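Residue strings, one per chain:
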Amino acid sequence: AYGDGGELMLKRSDAATERALALDPNLISASAWLIARQTDTGDTAHAYAQAAALVKRRPASAMAHFALAYVLRYAGLLDDAARECDSALALDRGNYQLRSCSGPFVQLGQTQRAMDFVRLDAGSEYAAMQTAAILLGQGKLAEARQAAQKASPSPLNGRDLIQSCIDPPHSPQCDQAAQKIEAAALAGADIEPLYSVGALLSYCGQKDASVRLLKRAVEKNYCAYTALQTDPLLVKLRGTPEFGELLSSAKACQNRFLAERDRNPH
């Protein structure tokens, strides 16, 4: 998932995980991983059904609640996702795998709670970049640059974009970094970076690229209806003519998810 082997390696990973689950149907980590992978590709309705069933079957499992929170985040139901994340953390307070539960809190602007989850994986590239994004949203530019320096220059990390867009803004270096990170987000199998990179590009004044990625994210079932209205990195975008169309599309995306969920209650 985090390498550069592309679709072929992801398929091998999925096959291995499915084999693990066949050998041990009670292996929650395998179930949660397959739910996350299904969600990554935009199949949120089916992933939700599996995650809800997993929580019903294993209510004391932190990873079951995390899997459900993961799907709810992609469906744009941030308050519901946050509640499931709180449940997961209460069940397993030292599990670094819960780190991406920072996501719904970041998007809601609840930065202190977001950092509770980031700190679970302190020292990692994920923690460095998520911390940098949080600090940007708070307007703490020097601290954001310092946090980003702890990550590798991999385009999708956003390190170069953050450093180049903070000072000076709209520099040629910022434009080049924006092009690289947009291409990396479009090439990935996971749809969430389309949103997160789009939000970062918006902050960095790269409006056209931001709109392209956010539109693509929604088209692929990342239903960021609430996030578009609350994410601190999207302040500049909310005053543009394109924002209303994005918001309408995200609401329609979420409504489709809700309708399918209600047709197949669990």
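What counts, and where the lines are drawn
- Residues numbered from 1 in each chain as written.
- Predicted model: local features only at pLDDT ≥ 70, side-chain atom pairs only at ≥ 80, totals over all residues.
- Heavy atoms only, no water.
- Helix = DSSP H or I, 4+ residues; strand = E, 2+ residues; numbered from the N terminus.
- Buried < 20%, exposed > 50% of the residue type's maximum accessible area, 1.4 Å probe, protein only.
- Contact = heavy atoms within 4.5 Å.
- Areas by Shrake-Rupley, 256 points an atom, 1.4 Å probe, with all protein chains shown as cover.
- Lys, Arg positive; Asp, Glu negative; His and termini not counted.
- Charge placed at Lys NZ, Arg CZ, Asp CG, Glu CD.
- Expected span 1.5 Å × (residues − 1).
- Polar contact = N/O pair within 3.5 Å; in protein donor to acceptor, adjacent residues only side chain to side chain.
- Disulfide = S-S within 2.5 Å.

Quick look at the overall build of the protein chain
When helices and strands are tallied, the protein chain shows 15 helices and 0 strands. Along the three orthogonal principal directions, the C-alpha set of the protein chain runs to about 55 × 40 × 35 Å. Relative to its full complement of 266 residues, the protein chain shows a buried share of 50%. Residue pairs in contact within the protein chain that sit at least 24 positions apart in sequence constitute 56% of those at least 6 positions apart. On the protein chain, roughly 12,600 Å² of surface is accessible, and the fraction owed to carbon and sulfur atoms is 51%. With 29 positive and 29 negative side-chain charges, the protein chain shows a spacing of 2 Å between the two charge centroids.

With respect to helix H4 (residues 62-74)
Over its 13 residues, H4 runs 19 Å from end to end, which matches the ideal 18 Å to within 8%, given 1.5 Å per residue. Most of H4 is tucked away, with 13 of its 13 residues classed as buried. Of the residues flanking the start of H4, the one acting as N-cap is Ser61, its side-chain oxygen 3.4 Å from the backbone nitrogen of Met63. Just downstream of H4 lies Gly76, where phi reads positive at about 85°.

Notes on the state of the cysteines
As enumerated under the stated definition, the model contains 3 disulfides in all. The residue that forms a disulfide with Cys85 is Cys101, at a sulfur-sulfur distance of 2.0 Å. Across the disulfide from Cys85 to Cys101, rotation about the S-S bond amounts to roughly -85°, and the bridge is consequently left-handed. Taken together, the positions of Cys85 in helix H5 (residues 78-91) and Cys101 in the loop between H5 and helix H6 (102-107) put the pair 16 residues apart, joining distant regions of the chain. According to the relative accessible area criterion, Cys101 is buried, its value standing at 0%. Here the protein chain pairs its bonded cysteines, counted in sequence order, in the arrangement 1-2, 3-4, 5-6.

Comments concerning the side chain of Ser100
On the secondary structure map, Ser100 appears in the loop between H5 and H6. Look past the residues within four positions of Ser100 in its chain and what remains in contact with it is Phe66, Tyr70, Arg73 and Tyr126.

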